Amino acid sequence: MTWTVRSPATKEVIGTLEETNGERINEMYASAAQAFSTWSGLPISERIRFLRKVRLQIIEELDQIVKVISDSTGKVSVEALTTEVMTVVDSISHIEKRAAAALKTKRVKTPLTFIGKRSYIEYKPRGTVLVISPWNFPFQLSMIPIVEALAAGNAVILKPSEVTPLVGRLIEKLFTQAGLPDGLLQVAHGGKELGAALVKGKPDFIHFTGSVRTGKIIQTEAAKQLIPTLLELGGKDPMIVCADANLERAVQGALWGGFTNSGQVCMSVERVYVDKSVYQEFVDRLVEAAQHLRQGTAADSDIGSMTFPQQTAIIKEHVTEALDKGATLLAGDHPDKWEEGQMFIKPMILTNVNHGMAVMQEETFGPVLPIMAFETEEEAVALANDTRFGLNASVWTADLERGKQIVSRLISGNAVINDVIITVANPYLPYGGAKEGGIGAYHGDVGMQGFCVQTAVMVDKGRRKKEVNWFPYEGKYELFVRLIRSFWGENRNWRGFLAAYRQLLKKESRK
Ligand code: ADP
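Residues numbered from 1 in each chain as written. Predicted model: local features only at pLDDT ≥ 70, side-chain atom pairs only at ≥ 80, totals over all residues. Heavy atoms only, no water.

A.B. asks: Help me understand the environment of L158 in this model?
C.D. replies: Note that L158 resides in strand β6 (residues 155-159). Judged by its relative accessible area of 0%, L158 falls in the buried class. Expressed as a C-alpha distance, the spacing of L158 and R285, which sit 127 residues apart in the sequence, is 44 Å. Discounting chain neighbours no more than four positions away, the residues touching L158 are V131, S133, S142, I146, I171, L185, Q186, V187 and A188. (Helix = DSSP H or I, 4+ residues; strand = E, 2+ residues; numbered from the N terminus. Buried < 20%, exposed > 50% of the residue type's maximum accessible area, 1.4 Å probe, protein only. Contact = heavy atoms within 4.5 Å.)

Right under this line is the structure:
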């Protein structure tokens, strides 16, 4: 079937695309397995060479890539360039530098009780990784898992979001142009049925980014076949503004953190808690600053359109419910005034909100900032943690020690002090969520290692006939008791330990 793809911002046709026939899935897994057998055997330096070519290809086609992302999502060009393309090239560059060290076999210590043996961990690619990605950052959230998985030696099948399919095709083209071996990265263009069929096709690992609802479905399906997964899910990220914060920076941080990408960001600012003593000033300044944001499709617009029409219905529902329950709308338009199919939603600021409202509990995923005042730090932490999510959080204070202490009390996969969103862009840090924010983490060394099977290895030179704890056990119980007491008891008694060990050795050599 051929899809006609329209821009969410202008509603104009921006391209057509052939959907992948579900009957090709077996063939795709077979090609991936074949490509994997060669790719996984290449030295990491060779694999990195290909990834470098991908990076240079991206730089070569920067403007065209930005245009495809921007046309497909409605996000403004500067955001497509910085939050998608720049993050990806930095990530590839990081992997080029770091992958060899992260994936190198690692020697670890061996306890004295295993004297003479050596231990190490080896990282081996898993096989075929299925990457299922969403529409809000369709380039970044596809490319980074792909590149990490490839660096680790896997083959990849990407199922990009059907909401932004031209970005999937763009990625496919990039890897072909960079000369990546056939079958190593395949893109399956289609909707959730195709995604579900790919999960059933038994990949060796599933990397999923998307909604909690779909994450649960995928986890359930994966469990039936015991396929390991990594899930990057939702957030309802709190921002805590203390009385001593640099208020102008906090206002600007809330403005950008809440409204970038029209709030369609799982790491964004989604709930704001401000110390009572600076609450009114914060709200006034934020409302004033929001008036100056320019929305549209111009090259230098600040805020673009929504990407997915259905998301506007969720925003409408949350905001209407809050207003019905007594919230005050200080910026933006009442949802009743929105036109049918309107994709440019003016940034909204809500006060008089509480945790009984969906806007403070559910993922609104839109340009909405609900703000509450708090009286004590204790209360701020309790409110921030009162969520089923736990992806990101921010704390604003001039006292960095206090900021760190508050962060320590937050249940969150990520946290920032006097900044927003940013941890996801530092490739040295792992990226993953707590609670319904997700399961597992990628990025950083642990991310690359996550795309591997770890083999824990111990080596013995094999010269001795046998070990002291092997059969027969005759007369060994008491000796082991002495050995354990003297080695792990309150005061370590080396003599007692060595005496027991020697006797055990003697027994062994006698047999
Ligand atoms: P969103 O993109 O709004 O977060 P989803 O979580 O539903 O929404 O979608 C994320 C990705 O998961 C998309 O690529 C979508 O096609 C895919 N998907 C949706 N449902 C399933 C499913 N049951 N099995 C596999 N993939 C799915």
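Let us keep going from here.
A.B. asks: So what exactly am I meant to see when it comes to the sheet that holds strand β20 (residues 452-459) here?
C.D. replies: Across a sheet, strands are paired by hydrogen bonds formed along the backbone, either parallel or antiparallel in direction. An order of β3-β4-β20 is seen for the three strands of this open sheet, with the pairing classed as antiparallel. Pairing within the sheet leaves two strands with one partner each, and these edge strands are β3 (106-108) and β20. Across this sheet, the average inter-strand angle for adjacent strands is 25 degrees, counted without regard to direction. Note that β3 and strand β4 (residues 118-125) share three bridges and pair antiparallel. In the sheet register, K106 faces β4, and the bridge partner there is I121. (Pairing = 2+ DSSP bridges. Axes fitted to C-alpha atoms, helices over the stretch in contact; angles between N-to-C directions.)

A.B. asks: How do you make sense of the environment of F282 when you look at a structure like this?
C.D. replies: Topologically, F282 is positioned in helix α10 (residues 276-291). Look at F282 and you get buried, because its relative accessible area is 0%. Spatially, the C-alpha atom of F282 lies 14 Å from that of N352, the residues being 70 residues apart in sequence. When near neighbours in sequence (up to four residues on either side) are disregarded, F282 contacts V241, L247, A250, V251, A254, V272, V274 and I371.

A.B. asks: I keep staring at the site of the ligand and nothing clicks. Help me out?
C.D. replies: Close to the ligand lie 19 residues, the nearest being S133, K159, E162, S211 and T214. At a separation of 2.7 Å, an oxygen atom of the ligand approaches a polar backbone atom of S211. Taking 540 Å² as the accessible area of the ligand by itself, protein coverage stands at 85%. At a threshold of 2 Å from the grid points, most atoms of the ligand map onto the largest pocket. Mapped onto the shell around the ligand, the elements with two or more residues apiece are α7 (192-200), β8 (205-209) and α8 (212-225). Its residues assigned to classes, the shell around the ligand comprises eight nonpolar, eight polar and three charged. (Near = heavy atom within 4 Å. Polar contact = N/O pair within 3.5 Å; in protein donor to acceptor, adjacent residues only side chain to side chain. Areas by Shrake-Rupley, 256 points an atom, 1.4 Å probe, with all protein chains shown as cover. 1 Å grid on protein atoms, 1.4 Å probe; cavity = no way out; pocket = protein on both sides within 12 Å on 5 of 7 lines; lining within 4 Å. Sits in = over half its atoms within 2 Å of the grid points. Nonpolar A, V, L, I, M, F, W, Y, C, P; charged D, E, K, R; others polar.)

A.B. asks: Before we go on, may I ask you to explain the side chain of E61 in this structure?
C.D. replies: Relative to the assigned elements, E61 resides in the loop between α2 (44-60) and α3 (62-73). There is no salt bridge for the buried E61, and the closest opposite charge comes from K173, which lies 5.3 Å off by N-O distance. A distance of 2.7 Å separates a polar atom in the side chain of E61 from a polar atom in the side chain of Q57. (Lys, Arg positive; Asp, Glu negative; His and termini not counted. Salt bridge = Lys/Arg side-chain N within 4 Å of Asp/Glu carboxyl O.)

A.B. asks: I would appreciate a short explanation of the sheet that holds strand β13 (residues 348-351) in the present structure.
C.D. replies: Read across the open sheet, the seven strands follow the order β12-β13-β14-β11-β10-β15-β16; overall the sheet is mixed. The outermost strands of the open sheet, each flanked by one partner alone, are β12 (328-331) and β16 (416-417). Taken together, the three bridges between β13 and strand β14 (residues 368-374) define a ladder with parallel strand orientation. Bridging from a neighbouring strand, L350 pairs with P370 of β14.

A.B. asks: I'm lost on the pairing of strand β5 (residues 128-132) in this one. Help?
C.D. replies: Along a regular strand, successive side chains alternate from one face of the sheet to the other. With five of five residues buried, β5 lies mostly within the body of the structure. Burial along β5 is two-sided: the face carrying T128, L130 and I132 and the face carrying V129 and V131 are both buried. Alignment of β5 against β6, held across five bridges, turns out to be parallel. Bridge pairing in β6 links V129 to V156. For the crossover from β5 across helix α5 (residues 140-151) to β6, the handedness is right-handed. One ladder, built from four bridges, connects β5 with β8; its direction is parallel. By the bridge assignment, I132 is partnered in β8 with F208. (Right-handed = clockwise from strand over helix to strand, strands pointing away.)

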